[in-house]
Amino acid sequence: MLIKQLSVFIENKVGRLEDVTKVLKDHNINIASFSLADTAEYGMLRMIVSDPEEGRRVLREEGFSASLADVIAVKIAQKPGTLHEVLKILFDAGLSVEYMYTLSTTGKDTSIIMKASDLNLALEVLRANGYEVCSDKEAYEINNINNK
Amino acid sequence: MIWNETKECMSRDELINLQSARLKKTVSHVYHNVEFYRKKMQQLGLEPGDIKGIEDLHKLPFTTKDDLRENYPFGLFAVPQSQIVRVHASSGTTGKATVVGYTRRDIEIWQECVTRVLAMAGIGINDKIQVAYGYGLFTGGLGLHYGAENLGATVIPMSTGNTKRLITMMEDFEVTAIACTPSYLLHIAECLEEEGKLDKIKLKAAICGAEPWTENMRKEIENKLNLKAYDIYGLSEILGPGVAADCEYHKGLHIYEDHFLPEIINPQTLEPCKEGEIGELVITTLTKEALPLLRYRTKDLTNITYKPCECGRTIARIGRFKGRSDDMLIIRGVNVFPSQVEAALLELGETSPHYLLIVDRVNNLDVLEIQVEVEEHFFSDEIKELENLTKKIAGVLQSALGLSVKVTLVEPKTIARSEGKAKRVIDKRKLYE
């Protein structure tokens with residue numbers, strides 16, 4: 001299934017990233033995982049958080065450009081060659097990966113966040129090849145559960 | 001030297017007689033050949049015979065850039081197309097160009113004016129001059145070119161865009177004079193410095209214009225390049241470069257009053273200013289055939305003095321420009337109105353109406369940055385999408401303005417909202433100080 005990623009546009013200004021994390025902290029929103037892409041002028045912070053809708057609401061309230069984007073979280077075994085295999089399945093289906101990052105490495109599987117050019121087709125081909133994906137709840141809480 | 005002593009050093013009485021005769025002729029010409037002026041004069045209850053001399057100038061209607069635009073392209077031309085030998089055009093406020101035309105006689109007068117400017121800067125037949133203004137629709141390149149040829153100097157028509165080649169030729173040809181924008185000349189000076197060639201060049205004079213510049217910039221240019229730098233003023237609506245220029249005393253720009261009748265008015269009340277008082281420069285052409293203009297509002301703020309200059313010229317001098325009475329910016333010699341940017345962005349329809357223009361000078365070249373807020377409706381979590389958007393905005397603005405633009409995306413609501421008139425422009429160049 002598809003999960004919601006919280007994306008925030010951040011200008012390259014001192015303290016701006018910290019402003020984002022403070023807003024989330026003040027509203028008791030946990031960051032399960034994140035990736036920060038940077039360009040010369042701005043950054044794009046992509047996060048899997050405990051409550052993406054609420055996260056977007058509070059960030060917008062504080063004046064940030066924040067939005068939700070659909071991504072998938074695929075589980076892969078922690079052994080050599082598995083990431084390559086997943087990418088090959090997507091490539092063979094004619095899909096491209098816009099970006100990806102690690103959601104969690106604790107437990108027996110690693111879970112990877114992916115944005116593919118066609119997410120539903122990606123889900124379909126991954127499932128057909130026996131791969132599991134995280135549910136939204138599972139993704140948002142993944143590292144909390146593991147910590148317990 | 002003084003190229004045309006008869007005209008540049010006339011007594012005030014003689015000049016007024018000449019101006020009055022030419023004004024009467026111009027008024028009659030536009031009344032009979034330009035519907036726009038005939039209607040305007042009729043509305044004011046004026047007939048050509050009511051204008052008996054320059055003392056009646058204030059009775060005549062003003063002309064604005066909007067009038068030129070509304071009569072796009074040739075509506076204000078006073079001669080049939082068969083007599084027009086050239087047109088030039090500059091970018092307008094809404095994307096429509098301001099088109100100007102010249103008869104053969106107009107071109108001759110234009111080159112005479114530019115020749116006077118070059119002679120005033122000490123340039124003559126033994127000089128080799130690089131004309132490094134843009135050639136084409138812009139009046140800078142061809143204007144200087146014809147004037148320099150008429151003078152008899154050796155003209156090297158560089159145009160703009162290839163500084164390396166310009167420097168090579170400057171050195172190899174032993175070029176002695178250059179005509180270009182002052183910011184470009186400073187850029188050339190820096191390139192010469194980097195290549196260690198400052199002492200290899202033979203430049204002695206520079207004719208700089210097409211954009212406002214400061215006395216400090218002149219000093220910097222003169223010190224770096226060991227030459228004399230002169231200021232040339234003009235606008236395509238009136239002529240192109242060569243309406244006025246300064247002499248070796250640099251105490252204001254001599255305006256060629258035998259062809260252009262200047263006034264300084266208060267831009268709010270439209271009443272004349274006293275001699276020396278700062279106001280808007282208004283020019284009536286006295287000899288133009290193709291596009292004669294009555295009381296054209298230049299929007300340039302300056303003052304005027306009629307005192308004869310130490311150089312011997314008696315024609316009036318206008319002071320260093322103090323700014324504009326509208327919001328036009330001159331960036332790399334190109335006229336830019338914030339409204340053009342707004343219109344282009346609105347047409348694109350993908351950005352917020354909040355934008356900010358930042359004009360700065362980096363390594364002596366003007367750079368225009370436009371900040372656009374990233375709003376929810378075009379936000380994307382994919383950087384390539386944001387970069388495509390930036391490129392798209394830059395592309396649209398480049399074709400609208402004729403100028404390359406750096407687009408910067410900023411967070412929403414970071415561009416200050418002001419009450420009433422929004423602050424859309426930050427000009428860091430400080431050109432009017």
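A brief look at the structure comes next. Computed from a predicted structure; not experimentally measured.

1. A closer look at the overall build of chain A
Counting its regular elements, chain A contains five helices and seven strands. The order of α-helices and β-strands along chain A, N terminus first, is β-α-β-β-α-β-α-β-β-α-β-α. At 16 Å, chain A has a C-alpha radius of gyration in line with the 15 Å of a compact globule built from 148 residues. Along the three orthogonal principal directions, the C-alpha set of chain A runs to about 45 × 40 × 25 Å. Each of the 148 residues in chain A was classed as buried or not, and the buried ones make up 48%. Expressed as a percentage of contacts within chain A between residues at least 6 apart in sequence, the contacts between residues at least 24 apart total 71%. Summed over its atoms, the accessible surface of chain A is roughly 7500 Å², and 50% of this surface lies on carbon and sulfur atoms.

2. Focus: the overall build of chain B
Across its full length, chain B holds eleven helices and 21 strands. A globule of 433 residues ought to have a C-alpha radius of gyration of about 22 Å, and chain B, at 23 Å, matches this closely. With the C-alpha coordinates of chain B rotated into their principal frame, the extents come out at 70 × 60 × 45 Å. Long-range pairs, those at least 24 residues apart, make up 65% of the contacts in chain B between residues at least 6 apart in sequence. Accessible area of chain B: about 18200 Å², with a carbon and sulfur share of 50%. When the 54 positive and 62 negative side-chain charges of chain B are each reduced to one mean point, those points stand 2 Å apart.

3. Comments concerning the interface of chain A and chain B
Counting from both sides, the interface comprises 24 residues of chain A and, opposite them, 19 residues of chain B. Across the interface of chain A and chain B, roughly 1700 Å² is buried in total on both sides, 51% from carbon and sulfur atoms. Looking only at chain A, the three residues that lose the most surface to chain B are Phe9(A), Tyr42(A) and Ser65(A), adding up to 31% of its buried area. Taken together, the connections running from chain A to chain B amount to five salt bridges. Applying the counting criterion to the chain A and chain B interface returns ten residue pairs in polar contact (both at pLDDT 80 or more). When contributions to the side of chain A that touches chain B are tallied by element, the ones reaching two or more residues are β1 (3-11), β3 (42-49), β4 (65-77) and β5 (97-104) of chain A. With six residues, β1(A) is the single largest residue contributor to the side of chain A that touches chain B.

4. Digging into empty space enclosed by the protein
Enumeration according to the criterion identifies one cavity of 30 Å³ or more in this entry. Every residue lining the largest cavity is listed: Leu68(B), Asn71(B), Pro73(B), Phe74(B), Gly75(B), Leu76(B), Phe77(B), Thr98(B), Val99(B) and Leu291(B).

5. Some thoughts on the packing of aromatic side chains
Residues and elements named next belong to chain B. The tally for this structure, following the rule as stated, stands at six aromatic pairs over all chains. Ring plane angle 10° and centroid distance 4.8 Å describe the contact between Tyr-102 and Trp-110, whose orientation is recorded as stacked. The pair Tyr-102 / Trp-110 is uniform in exposure class, with both members buried. Here Arg-320 stacks its cationic end above the ring of Trp-213, 6.0 Å away from the centre of that ring.

6. Let's talk about the sheet that holds strand β15 (residues 323-324) of chain B
Residue and element names in this part refer to chain B. Across the sheet, four strands lie side by side as β10-β11-β12-β15; this open sheet has antiparallel pairing. Only two strands of the sheet have a single partner each, and these edge strands are β10 (260-265) and β15. Sheet topology places strand β12 (residues 296-302) next to β15; two bridges connect them, and they run antiparallel. Residue Asp-300 lies in a different strand from β15, and its bridge partner there is Arg-324.

7. Points about a nonpolar patch on the surface
The grouping of Leu17(A), Phe34(A) and Leu36(A) at the surface amounts to a nonpolar patch, some 290 Å² of accessible area in total. Position of Phe34(A) relative to the elements: it lies in strand β2 (residues 31-38).

8. Considerations on the pairing of strand β2 (residues 98-103) of chain B
Residues and elements named next belong to chain B. The buried count for β2 comes to six of six residues, which makes it a mostly enclosed element. Of the two faces of β2, the one lined by Thr-98, Val-100 and Tyr-102 and the one lined by Val-99, Gly-101 and Thr-103 are each fully buried. Across six bridges, strand β1 (residues 84-90) lies against β2 in antiparallel orientation. Considered in β2, the bridge of Arg-86 is made with Tyr-102.

9. Some remarks on the layout of surface pockets
Residue and element names in this part refer to chain B. Each pocket or cavity is described by its volume, and for the second largest pocket that value is around 480 Å³. Together, 22 residues line the second largest pocket, and Asp-326, Asp-327, Met-328, Leu-329 and Val-425 are the ones closest to its centre. Counting residues per element, the ones that place at least two in the lining of the second largest pocket are β15, β16 (329-331), α10 (338-348) and β21 (425-427). With three residues, α10 is the single largest residue contributor to the lining of the second largest pocket. Residue composition of the lining of the second largest pocket, grouped by class: ten nonpolar, two polar and ten charged. For the lining of the second largest pocket, the domains that each give at least three residues are domain 1 (5-326) and domain 2 (331-427).

10. Observations regarding the state of the cysteines
Note on terminology: a disulfide is the covalent bond linking the sulfur atoms of two cysteines. Scanning the entire structure with this criterion turns up zero disulfides over all chains. Counting only cysteine sulfurs, Cys311(B) is the nearest neighbor of Cys9(B), a cysteine outside any disulfide, at a range of 7.1 Å.

11. Quick word on the pattern of salt bridges
The full count for this structure, using the stated rule, is 46 salt bridges over all chains. With its nearest N and O atoms 2.8 Å apart, the salt bridge here joins Arg295(B) to Glu263(B). One end of the pair, Arg295(B), is in the loop between β11 (279-285) and β12; the other, Glu263(B), is in strand β10, and 32 residues separate them in sequence. Residue Arg295(B) shares its accessibility class with Glu263(B), and that shared class is buried. Across the salt bridge formed by Arg297(B) and Glu280(B), the nearest N and O atoms sit 2.7 Å from each other. Linking Arg297(B) in strand β12 with Glu280(B) in strand β11, this pair joins segments that are 17 residues apart in sequence. The exposure classification of Arg297(B) matches that of Glu280(B), with both residues buried. Several salt bridges share partner residues, and in doing so they unite Glu98(A), Lys115(A), Asp381(B), Glu382(B) and Lys384(B) into one network.

Each value, and the rule that gives it
- The residue numbering used here restarts from 1 in each chain and proceeds along that chain's sequence as written.
- Chains and ligands are labelled sequentially in the order written, the chains with letters from A and the ligands with numbers from 1.
- In keeping with the predicted nature of the model, local features appear solely for residues at pLDDT of at least 70, side-chain atom pairs appear and are counted solely at 80 or more, and the whole-chain, interface and lining totals rest on all residues.
- Processing note: side-chain calculations cover all non-hydrogen atoms of the structure and skip hydrogens and water entirely.
- A run of DSSP states H or I qualifies as a helix once it reaches four residues; a run of E qualifies as a strand once it reaches two. Both are numbered from the N-terminal end.
- Values of the radius of gyration come from C-alpha atoms, whereas the globule rule sets the reference at 2.2 Å times the count of residues to the power 0.38.
- To sort residues, take the accessible area from a 1.4 Å probe on protein chains only and compare it with the maximum for the residue type: under 20% means buried, over 50% means exposed, and anything in between is partly exposed.
- Any two residues having at least one pair of non-hydrogen atoms within 4.5 Å are treated as being in contact.
- Throughout, the Shrake-Rupley method with a 1.4 Å probe supplies accessible areas, and for residues the shown protein chains are the sole cover considered.
- Neither His nor the chain ends is counted toward charge; the positive residues are Lys and Arg and the negative residues Asp and Glu.
- Every charge is mapped onto a representative atom, which is NZ of Lys, CZ of Arg, CG of Asp or CD of Glu.
- Once two parts are brought into contact, the accessible area they lose, counted with a 1.4 Å probe and summed over both, makes up the buried area.
- A pairing counts as a salt bridge when a side-chain nitrogen of Lys or Arg comes within 4 Å of a carboxyl oxygen of Asp or Glu.
- Any N or O atom pair separated by 3.5 Å or less is treated as a polar contact, with the protein-specific requirement of one donor-capable and one acceptor-capable atom, and with residues adjacent in sequence counted only for side-chain atom pairs.
- Cavities and pockets are defined on a 1 Å grid built over the protein atoms alone: a cavity is a set of grid points where a 1.4 Å probe fits but cannot escape, while a pocket is an open set with protein on both sides within 12 Å along at least five of seven lines, and lining residues are those with an atom within 4 Å of any such point.
- Grid points are joined across faces, edges and corners, and a volume is the space filled by probe spheres set on the points.
- What counts as a ring pair is set by centres within 6.5 Å for rings of Phe, Tyr and Trp (its six-membered ring), and what kind of pair is set by the plane angle: stacked under 30 degrees, edge-to-face over 60, tilted for all other angles.
- Over a ring means this: the NZ of a Lys or the CZ of an Arg is within 6 Å of the ring centre and within 35 degrees of the ring normal.
- Two strands are said to pair when DSSP picks up at least two bridges between them.
- Excluding any residue in a salt bridge, patches collect residues exceeding 30% relative accessible area, merging like charges within 9 Å and nonpolar Val, Leu, Ile, Met, Phe, Trp and Tyr side chains within 5 Å.
- Basically, the charged four are Asp, Glu, Lys and Arg, the nonpolar ten are Ala, Val, Leu, Ile, Met, Phe, Trp, Tyr, Cys and Pro, and anything else, Gly included, counts as polar.
- All the domain ranges listed were derived from an automatic or database domain assignment.
- The criterion for a disulfide is a pair of cysteine sulfur atoms lying within 2.5 Å.

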